[in-house]
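Next come the chains, spelled out residue by residue.
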Amino acid sequence: MENLIIIIIGIVFGLLISYAGLNKFNTIAGLAVLKDFTVAKTIMLVIGLGSIVLMSEMAGGGAVFHVKALYLVGTALGGVIFGIGMAILGYCPGTLPISLGQGSLDALWGIIGGLVGGILYTALYPVILPLLGENLGKGTLFTLMGSNFSLGYIVAVILIGIAMIAGAFILHQLDVKNGNPSRRWVVTGIGLALLNVLLFYQGWQNKPLGASTSYPYVGDSIACVTNNAYYPGLIGSGSWQVWFLLGALIAGLIYALVTGTFRWRLIQERWAEYKGESKSRRIVWAFIGGVILIFGARMADGCTSGHIISGGMQFAASSYVFAIFTFIGFLSTGYLFYTRNRK
């Protein structure tokens, strides 16, 4: 029964993502070349609204912090690597199965690459671990301001949250100028914020959104590389995320069938615009992007949903460091890989 509940959570997540098209290569790669801000503005809305509601939930004793530790080298370098992979692949760990459910075959190659990236990280973990840097703890705005729900902390969260929401609508004006006036992202942003707050509730799932742990968990299991120091730490979250992403895949299929948009396709429009119609080239780069994406996510201990969104809602230092360096790698790759090296 518990696994069925997790699948349903994944379905809700997948439908919300699909509604705004956040899973699509054209949308994510569009941000990499600064032509589509749907992903960025949705994330800002989720963090802005979610942080305020989550603070209220925590203040009432309904939830606790789930923050990732900050390893300055690991978090920052992992973020850059993750951003590079996300730009090349054009998907996030959580959006890959949604897009596969809608017929995107490049997402399948990205998933395969992600599994390989997870296995590779597990194999190199003993070498990588000492390079991650010192554990600087799980600092948040809450700990910075005295670890209590003081008036100052409450006001700070509300003001930052409102600023995030306002920033999202400012970005929307750029999309309007680019010919993308749709406000579906507002519905998705509100839905994702509320979904994550519900997941934090101690009486239910008591955990934030996350996706990238499932890749080394599944990859290591398939490759039978489970007798090591890294794999045992994957089991709890990895198992949960497998069922969650299965739900997301089902949601992608349901959404595509209901809307009549299901199509088997390997080459997406924006990839063709910048890189041409070669199928073999897309397969190779989707695979490579998947390897890089998950390797970076594991180095930083999180991804878009688990770090940027969930950690961002908690104003975690590690998540903001990750977000900054992710977008450095993401936008730099967007320029170097797409804009500068256009077909």
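Up top you'll find the structure we're talking about.
All of the points below concern the structure found in this document. (Residues numbered from 1 in each chain as written. Predicted model: local features only at pLDDT ≥ 70, side-chain atom pairs only at ≥ 80, totals over all residues. Heavy atoms only, no water.)

## Details of the pattern of salt bridges
No. 1: Taken as a whole, this structure holds four salt bridges when the rule is applied.
No. 2: For Asp301, the salt bridge goes to Arg298, with nearest N and O atoms at 3.8 Å. (Salt bridge = Lys/Arg side-chain N within 4 Å of Asp/Glu carboxyl O.)

## Digging into the nonpolar core
No. 1: In this structure, Phe13, Leu96 and Phe244 are the most contacted members of the largest nonpolar core, which totals 72 residues.
No. 2: Ignoring any residue separated from it by four or fewer positions in sequence, one finds Leu96 in contact with Leu89, Tyr91, Ala107, Gly110, Ile111, Tyr215 and Leu293.
No. 3: Counting residues in hydrophobic clusters, the runner-up holds eleven residues, among them Ile81, Tyr121, Tyr231 and Phe295. (Core = buried A, V, L, I, M, F, W, Y, C linked by side-chain atoms within 4.5 Å. Buried < 20%, exposed > 50% of the residue type's maximum accessible area, 1.4 Å probe, protein only. Contact = heavy atoms within 4.5 Å.)

## Here's the deal with the packing of aromatic side chains
No. 1: Across all of its chains, the model carries 23 aromatic pairs by this definition.
No. 2: Relative to Phe330, the ring of Phe327 lies with its centre 6.0 Å away and its plane at 85 degrees, an arrangement referred to as edge-to-face. With Phe327 and Phe330 both in helix H15 (residues 317-339) and three residues apart, this pair spans about one turn of that helix.
No. 3: In this structure Phe327 comes out as partly exposed when scored by relative accessible area, which is 24%.
No. 4: By relative accessible area, Phe330 is classed as buried at 1%.
No. 5: Ring pairs connect the aromatic residues Phe25, Tyr91, Trp271, Tyr274, Trp285, Phe337 and Tyr338, which therefore count as one cluster.
No. 6: The aromatic ring of Tyr19 is capped on one face by Arg184, whose charged end is 4.3 Å from the ring centroid.
No. 7: One cation-aromatic arrangement involves Lys275 over Phe337; the distance from NZ or CZ to the ring centre is 4.1 Å. (Phe/Tyr/Trp six-rings, centres within 6.5 Å; stacked < 30°, edge-to-face > 60°. Helix = DSSP H or I, 4+ residues; strand = E, 2+ residues; numbered from the N terminus. Lys NZ or Arg CZ within 6 Å of the ring centre and 35° of its normal.)

## Structural notes on the side chain of Gln268
No. 1: Relative to the assigned elements, Gln268 resides in the loop between helix H11 (235-259) and helix H12 (269-275).
No. 2: Apart from residues lying up to four places away in sequence, Gln268 is in contact with Phe25, Asn26, Tyr91, Ser104 and Asp106.

## Focus: the packing of helix H1 (residues 2-20) against helix H9 (residues 184-200)
No. 1: With their axes 8 Å apart at the nearest point, H1 and H9 run at an angle of 160 degrees to one another. The orientation of H1 with respect to H9, classified from their angle, is roughly antiparallel. For H1 against H9, the interelement crossing comes out left-handed. Of the residues in H9, those in contact with Ile9, Val12, Phe13, Leu16, Ile17, Tyr19 and Ala20 of H1 are Arg184, Trp185, Val187, Thr188, Gly191, Leu192, Leu195 and Leu199. (Axes fitted to C-alpha atoms, helices over the stretch in contact; angles between N-to-C directions. Parallel < 35°, antiparallel > 145°, perpendicular 65-115°, else oblique. Left-handed = near helix turned anticlockwise from the far one by under 90°.)

## What about helix H2 (residues 25-32)?
No. 1: Burial of H2 is extensive: eight of the eight residues sit out of reach of the surface.
No. 2: Those residues of H2 hidden inside the fold are in contact with helix H3 (38-59), helix H4 (72-89), helix H6 (105-128), H12, helix H13 (279-300) and H15.
No. 3: A positive phi of about 60 degrees marks Leu34, the residue just after H2.

## Focus: the environment of Ala300
No. 1: Along the chain, the position of Ala300 falls in helix H13.
No. 2: Residue classification places Ala300 among the buried positions, given a relative accessible area of 1%.
No. 3: Expressed as a C-alpha distance, the spacing of Ala300 and Phe262, which sit 38 residues apart in the sequence, is 34 Å.
No. 4: Discounting residues that sit within four places of it in the chain, Ala300 has contacts with Gly74, Thr75, Gly78, Gly79, His307 and Phe322.

## With respect to the state of the cysteines
No. 1: Tallied over the full model, the rule gives zero disulfides.
No. 2: This cysteine, Cys303, is not joined by any disulfide, and Cys92 carries the nearest cysteine sulfur, 7.5 Å off. (Disulfide = S-S within 2.5 Å.)

## Observations regarding the side chain of Thr333
No. 1: Assignment of secondary structure puts Thr333 in helix H15.
No. 2: The exposure class of Thr333 is buried, given its relative accessible area of 10%.
No. 3: Apart from the residues within four sequence positions on either side, Thr333 is in contact with Ile84, Ala87, Ile88 and Tyr338.

## Looking at unusual backbone geometry
No. 1: For Cys224, which is not a glycine, the phi torsion comes out positive at approximately 60 degrees.
No. 2: Among the structural elements, Cys224 can be located in the loop between helix H10 (214-223) and H11.
No. 3: For Asp301, which is not glycine, the phi dihedral falls at a positive 65 degrees.
No. 4: Among the structural elements, Asp301 can be located in the loop between H13 and helix H14 (304-313).
No. 5: A residue is classified by how much of its surface remains accessible, and Asp301, at 36% relative accessible area, is partly exposed.

Note that all results are geometric; they support no functional claim without further evidence.
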